[in-house]
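In case you want the letters, here they are:
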Amino acid sequence: MEFKTFVFYFLSAILVFAGLRVITARNPVHAALFLVLAFFTASGVWMLLQAEFLAIALVLVYVGAVMVLFLFVVMMLDINLDRLREGFWSYLPLGSIIALLMVAEMGLVLGGNYLGLFENSVPQSSAEYSNVQAVGRLLFTEYVYPFELASVILLVGIIAAVALTQRGKRKNKSVSPSQQVFVKAGDRVRVLQMPAEKSD
Amino acid sequence: MTLAEMQFQMPDLRLASAEIFMLLMACLILILDLFVKDRKRTVTFVATQLTLIGAAVVTFATSSGEIAYTFSNMYVGDLMGDLLKLLLYLTVIVVLFYSRGYILEREQMARGEYYSLVLFATLGMMVMISANHLVTVYIGLELLSLSLYALVAMNRDSVPATEAAMKFFVLGALASGLLLYGMSMIYGATGTLEITTIAERLYTGQADKSILVFGLVFLVSGLAFKLGVVPFHMWIPDVYHGAPTAVTLFIATAPKLAAFAMVIRLLVNGLIVLAQDWQTMLILLSVLSMAIGNIAAIAQTNLKRMLAYSAISHMGFMLLGMVTGVVGGDARFALNAYSSSMFYVITYVLTSAGTFGMILLLARGGLESDELEDFKGLNKRSPWFAAVMMMMMFSMAGVPFFVGFFAKFSVLQAVVAAGYLWLAIVAVLFSLIGCFYYLRVVKIMYFDQPTNTAPIVAPMDMKILMSANGLAVALLGIFPQALMSLCAFSLLRSL
């Protein structure tokens, strides 16, 4: 077996295992960490396909940003797992029947033709071919229209988040520097005259 | 210099100038709103309406009537797109006028973001209408959906609205997933995302049929979700019922035009070679929608919920036109069938706007008036608006000589011409069942004693617009020919 093939099967095995653990792990933090592992191994598989930009982006964006945020949410929210699992057994028979039906149907439609994967091999490119450059060029030339619109979607996300959470002016305890500089000693220290208490 | 560099052509921005204008103005209005101190946001409102009118002028001025592509064939400008866009602007303008009073009475909605989100949703629909690339279709759809989720949730303290937004979001995300999965399969089978190229590759037989059909199932499921037809309809009643009525009005009107365009672009422009396959799927969806929509609507006591089920049945009816385009490899009837669908969806949007507008007209002082009981004895309170509402209901039911009748008639004509006599009979039977609940509204308005005798107070512009809407339903019923031939002509020049 070629070394590359070995690496592929090794990474795939970890990927499948991590993917299974994501949905079977009882602890949501563990599930999130297994998802991180799955992303890492998936980026390894992409690296094998010489898609180094996608591999790096996957690690940076998903592992670095999305999953960290996700972990924060999982840790901060008090998720009652027993309540989430309620009704699992009563839904299981119907759910598994539908799932089996769908798998069987897909199998029937596709048969053994493996989606024609073997007809097209992975394009080989020379060593100096730059993925980042190719993706960048496509994004800013041919795909400029959906690219710009994707930024509009992000803008809508921002507007929606602000519109749904902001409630009038903030009433927080921040300090206003322009008023702060006018402070006098009398504003800060108050001398109280208190009569001494008599001890009984 | 690589091949990609040499092939790239500078896009012709003029063709997409309406979209560019809309985007710029939406961003400008977002900033403008920061400086508006007025609680009623009159400046933002006027600017939004002017933007829509401006976009209409731009679309009209740049419409050449020819099919033209730009942005590396991701954008297509054609007569069907231009016509649908003009109707889209008109619908949004009417929706904003109707909603004005309602949102002013609700503090959390009377904000500048409402107008910006509506404009961004409109932009999303414009992108969908003019899409010639699977990525563009998807991006436009997401832009529309995200804006709609936020609009539904905007009345934050209302529990039903939040619940509706949550359901809408989760199911919408699922539908987008289905759609994307189908698109990726089609990409896998044809090796391209460009809709016209997909059609070419299918025509020359360069694609793996089994993967294509596999992808098509998911694509049609995703489309069905977005159209809201059975069995992917479950979100419609909850969202229509839970959302603030002003937003329900928006969801129930403009996106239907965009969804129609999406069906045409994906199924007709792209996958016409597979017509036999998707027509069978659509027949199933259509019959189920008409059955469940019309029967479930009878049981509703809430008008918004009833209209939601009626929307399901109408979308099912509209799909009838789509299933009769190609008969046994013969596309002779295609133009007739698709233009009847287009006419149906346009007139449905017109009527739907009027019906939800009427609920908004009656909702005053922060109260909703979306129960059937609220319409009791409307004739005693305002004979004119009761008459307008009656025309809307008659049109939806398909009573002769209202526009809904001709819409149903032209679709049925296409169905019979294609030889699906049984389908036409089924459609007529379910429409007859549907008549019951539309006519019940009329009965309640005319023969029941009013529980609320307060006269109807509404701004003048809304009254005028509502009357115009009612008259349009009646007049288009008497002279449907102009709009019908416009639909047929625009499709003839676009397909």
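In what follows, the structure referred to is the one given above.
Residues numbered from 1 in each chain as written. Chains lettered and ligands numbered in written order. Predicted model: local features only at pLDDT ≥ 70, side-chain atom pairs only at ≥ 80, totals over all residues.

Moving on, we get to the overall build of chain B. When its secondary structure is counted, chain B shows 20 helices and 2 strands. Rg of the C-alpha trace for chain B: 22 Å, near the compact-globule value of 23 Å for 495 residues, within the 12% margin. For chain B, the spread of C-alpha atoms along the principal axes amounts to about 75 × 60 × 40 Å. Within chain B, buried positions represent 58% of all 495 residues. (Helix = DSSP H or I, 4+ residues; strand = E, 2+ residues; numbered from the N terminus. Rg over C-alpha atoms; globule rule 2.2 N^0.38 Å. Buried ≥ 20, exposed ≤ 12 C-beta atoms within 10 Å, placed from the backbone.)

Taken residue by residue, the interface counts 23 residues in chain A and 32 residues in chain B. Broken down by secondary-structure element, the contributors of at least two residues to the side of chain A that touches chain B are α5 (88-110), α6 (131-140) and α7 (144-165) of chain A. In terms of residue count, α7(A) provides more of the side of chain A that touches chain B than any other element does, 13 residues in total. A class-by-class count of the residues in the side of chain A that touches chain B yields 16 nonpolar, 5 polar and 2 charged. (Contact = placed C-beta atoms within 7 Å. Nonpolar A, V, L, I, M, F, W, Y, C, P; charged D, E, K, R; others polar.)

The biggest cluster of nonpolar side chains holds 204 residues, and the ones touching the most others in it are M128(B) and V152(B). Sequence-distant contacts of V152(B), defined by excluding residues within four places in its chain, comprise A161(B), A164(B), A165(B), F168(B), V239(B), A243(B) and V247(B). (Core = buried A, V, L, I, M, F, W, Y, C linked by C-beta atoms within 7 Å.)

With that settled, the discussion passes to unusual backbone geometry. All names here are of chain B. Residue V230 is joined to P231 through a cis peptide bond whose omega torsion reads 5°. With respect to the helices, strands and loops of the structure, P231 is situated in the loop between α9 (209-227) and α10 (235-242). The phi angle at R41 is positive, at roughly 55°, despite the residue not being glycine. Looking at where R41 falls in the secondary structure, it is placed in the loop between α2 (17-32) and α3 (42-62). A positive phi angle is found at N73, which is not glycine, with a value near 65°. Note on placement: N73 falls in the loop between β1 (68-70) and β2 (75-77).

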